[in-house]
Amino acid sequence: MTTDAWDSFLAEAEKDDRLGKHKAMVRTITADKWEAKNGYPEQPYKKIAFVLTTASNADIDMAYVNPPDEPPSKEELATWTKGKKMGVANAVSMRRQLIQFYGKSVDDLREGDVVGVKVEARKSKKDGNKYPRIVAFVPLGECGETAASSDAIPF
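Just so it is clear, the structure is predicted and the values come from calculations on it, not from any experiment. (Residues numbered from 1 in each chain as written. Predicted model: local features only at pLDDT ≥ 70, side-chain atom pairs only at ≥ 80, totals over all residues. Heavy atoms only, no water.)

A. Structural view of the nonpolar core. Counting residues in hydrophobic clusters, the biggest one holds 20 residues, and the most contacted among them are Phe50, Met62, Val115, Val117, Ile134 and Phe137. Those elements giving two or more residues to this core turn out to be β1 (20-34), β2 (43-52), β3 (58-64), α3 (82-102), β4 (114-123) and β5 (130-138). The element contributing the most residues to this core is α3, with four residues. Once you skip the residues sitting within four places of it in the chain, Phe137 turns out to touch Phe50, Met62, Met94, Gln97, Leu98, Phe101, Val115, Gly116 and Val117. (Core = buried A, V, L, I, M, F, W, Y, C linked by side-chain atoms within 4.5 Å. Buried < 20%, exposed > 50% of the residue type's maximum accessible area, 1.4 Å probe, protein only. Helix = DSSP H or I, 4+ residues; strand = E, 2+ residues; numbered from the N terminus. Contact = heavy atoms within 4.5 Å.)

Rendered as structure tokens:
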């Protein structure tokens, strides 16, 4: 395989400017429920739609489930799937980050609030493709200042 002038263009075109640390403005917050399945009851969650203001104003959604009020017992934890354990651990971490960096909980977020988020590509169980996901809240000082300009055609 030879390298040509197109290689740098192709490498740049493949970059996803949504990944990394960004300022994110809360666009909407809606309450919803996941239906009962795999032995778990119906579960309420909040869908938080963000606009990444430092990533060409890209939209990204986050589903947040409140963790249990108390940590699970060893017996209860033994009945949880790996996915549920990871989901609860992530919710606890994100709740702590919001309190630490912004002095508010997910319930205190309002449309128009601006927070820092860390976005990573995560593999989908459904189709195996990678999609950007908010994995943490970060201080605003760790985020870029301006959106990258883009004349790209979104397709």
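B. The arrangement of the packing of aromatic side chains in detail. One pass over the full model with this rule turns up two aromatic pairs. An angle of 20° between the planes, with centres 4.1 Å apart, marks the rings of Trp34 and Tyr45 as stacked. With Trp34 in strand β1 and Tyr45 in strand β2, this pair connects stretches of sequence that are 11 residues apart. (Phe/Tyr/Trp six-rings, centres within 6.5 Å; stacked < 30°, edge-to-face > 60°.)

C. Up close: the sheet that holds β5. Across the sheet, five strands lie side by side as β3-β2-β1-β4-β5; this open sheet has antiparallel pairing. Bordering the open sheet on either side are β3 and β5, each of which pairs with just one other strand. Strand-to-strand, the axes of this sheet are offset by a mean angle of 40°, without reference to chain direction. Bridge analysis of β1 against β2 gives 10 bridges, and the strand direction is antiparallel. Across the sheet, the residue bridging to Thr28 is Ala49, located in β2. Contacting β3, β4 and β5, α3 crosses the sheet at an angle of about 45° to β5. (Pairing = 2+ DSSP bridges. Axes fitted to C-alpha atoms, helices over the stretch in contact; angles between N-to-C directions.)

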